Amino acid sequence: MFARMPLTHRSPGSTRAPMTRSRATWLVGAGIVLIAFNLRLSVSSASALLEPLRERIGFGPVVAALVPTLPTLCFAVMGACGALLARRVGTERAVLLALAALCAGVAVRAVPGTAALLTGTLLGSAGLALCNVLLPAVVRTHFSDRVALLTGLYTTTMALGSAVAAAAAVPLADLVGGPSAGLALWALPALLALVVWSGGRRSWAAAAPAAAEPGVSAWSMGRTRFGLLVTAFFALQSLNSYAVIGWLPSMLSDQGLDSGRAGALLGLMLAVGVPSTFVLMPLTRSPGRLRLAFVLVGASLVAGFCGLLLAPLALPALWAVLTGLGLGAFPLVLAVIGMSGRGARQTAALSTFAQSTGYLVASAGPFGVGLLRSATGGWSLPLTVLILLALFQVLVGLALTRARADGADA
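So, how was this worked out
Residues numbered from 1 in each chain as written. Predicted model: local features only at pLDDT ≥ 70, side-chain atom pairs only at ≥ 80, totals over all residues. Heavy atoms only, no water. Axes fitted to C-alpha atoms, helices over the stretch in contact; angles between N-to-C directions. Helix = DSSP H or I, 4+ residues; strand = E, 2+ residues; numbered from the N terminus. Parallel < 35°, antiparallel > 145°, perpendicular 65-115°, else oblique. Left-handed = near helix turned anticlockwise from the far one by under 90°. Contact = heavy atoms within 4.5 Å. Nonpolar A, V, L, I, M, F, W, Y, C, P; charged D, E, K, R; others polar. Disulfide = S-S within 2.5 Å. Buried < 20%, exposed > 50% of the residue type's maximum accessible area, 1.4 Å probe, protein only. Phe/Tyr/Trp six-rings, centres within 6.5 Å; stacked < 30°, edge-to-face > 60°. Salt bridge = Lys/Arg side-chain N within 4 Å of Asp/Glu carboxyl O. 1 Å grid on protein atoms, 1.4 Å probe; cavity = no way out; pocket = protein on both sides within 12 Å on 5 of 7 lines; lining within 4 Å. Points joined across faces, edges and corners; volume = space filled by probe spheres on them.

Peer 1: Give a detailed account of the packing of helix H6 (residues 91-108) against helix H7 (residues 114-142), specifying residues and quantitative values.
Peer 2: Each pair of packed helices gets described by two things: the angle between the helix axes and the distance between those axes. Between H6 and H7, whose axes approach to 7 Å, the crossing angle comes to 155°. In terms of orientation, H6 lies roughly antiparallel with respect to H7. Two packed elements cross with a definite hand, and for H6 against H7 that hand is left-handed. Between H6 and H7, the residues in contact are Thr91, Glu92, Ala94, Val95, Ala98, Leu99, Ala101, Leu102, Ala104, Gly105, Val106 and Val108 and Ala116, Gly120, Leu123, Gly124, Gly127, Leu128, Leu130, Cys131, Leu134, Val138 and His142, respectively. When grouped by side-chain class, the residues that make up the contact of H6 with H7 number 16 nonpolar, six polar and one charged.

Peer 1: Give me the lowdown on the state of the cysteines, citing residues and values where you can.
Peer 2: By the definition in use, this model includes zero disulfides. Here Cys131 is not disulfide-linked; the sulfur of Cys103 is the nearest cysteine sulfur, at 9.8 Å. A residue is classified by how much of its surface remains accessible, and Cys131, at 1% relative accessible area, is buried.

Peer 1: Report on the packing of aromatic side chains, specifying residues and quantitative values.
Peer 2: Applying the stated criterion across every chain yields a total of five aromatic pairs. The structure contains a cluster of three or more aromatic residues connected by ring pairs, namely Phe234, Tyr242, Phe330 and Tyr359.

Peer 1: Requested: an account of the pattern of salt bridges, with residues and values cited.
Peer 2: According to the stated counting rule, one finds one salt bridge in the structure shown. Between Asp254 and Arg373 there is a salt bridge; the shortest N-O distance is 2.8 Å. Separated by 119 residues along the polypeptide, Asp254 in helix H13 (residues 225-254) and Arg373 in helix H20 (residues 364-376) bring together distant segments of the chain.

Peer 1: I'd like to hear about empty space enclosed by the protein, residue by residue, with values.
Peer 2: Under the definition given, this model contains five cavities of 30 Å³ or more. Computed from the structure, the largest cavity encloses a volume of approximately 260 Å³. Lining the largest cavity are 20 residues, with Met158, Ala159, Leu270, Leu327 and Phe330 sitting closest to its centre. Breaking the lining of the largest cavity down by element, the ones donating at least two residues are helix H8 (147-176), H13, helix H14 (259-271), helix H15 (273-280) and helix H18 (329-338). Top element by residues in the lining of the largest cavity is H13. It accounts for five residues. Looking at the lining of the largest cavity, its residues break down into nine nonpolar, 10 polar and one charged. As a volume, the second largest cavity reaches approximately 80 Å³.

Encoded structure:
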């Protein structure tokens, strides 16, 4: 079902039974899910602990703006290297290296200090960046006829991990004695993913199609109208997502909520992505349904931002839910990327260009929001800007569905 070529070839005299297709597929699939669970843990936990870290370590507003911004910058810079690294060492081995970097980076943040916090964030985010751009190609290679299903599964798992980290970060930090130690706890699930992915090395060759594809330049994918629209949409949804993920607890804390409840509301916002992803994924099967999905998530995002702007403490849980529904644009655009191109190499090239360029633009979100907050002393202007960007995201999504309907992704 999952591969066109035989999984293994027995050498003469060999007594070892070949790995079955089902076992190889399950090993790769389990690895994808575990990696996905880790993709936002370190980001959402740092967001929930930003104010406690600031109080404990004593850094200023520039560093406070850098902490949620560095991941998106790393996603842009290191993400651009994803396709090149995959060509040199293989996609699966590149993911293994990325997981090692993630484990090391998260562990470094156990040291209470600004330098360790920033260094660990950089190193861990570099690993996350590589996983971000390579997972769509892994899915396309091993599950070519189940792209939407696997994309929905791993983005749902990613949302679940984000929600768990956001909700549990403050209580766990209190339990282990401080926010720095609390951040380092999230190296444990990353280590588990590393061990499982490393243990499944034999399945990589067994499950991968044997047919070779010609090399594809990421920049060539970016020169097409479809590639530019995918990149623009990815950039806008990432900017909005990381701005609100990075600053929602601070927005609510500034209104008088304690950090624990603010972190719990961030967890609620991210948890909404778990059920909503499976509702949205079937809408990727046709341009008409995809257009409806883009409008639904865009309208939800605008409504959530408006609630946070006009009456943040009136119905904070509702604003968190609406904003969480708006973040459903991420699995939608990942599914579009995963189903585009003529093979895994083109998928990886489009993913590399869209994510590296998109995250570079998106890095202006959390950093810009932080600076606007410091300059104005409030959240009115930052949220107004985010509302306008969310409306623009809807327009780009409509243009993207028209391009896909015209076959521009071929």
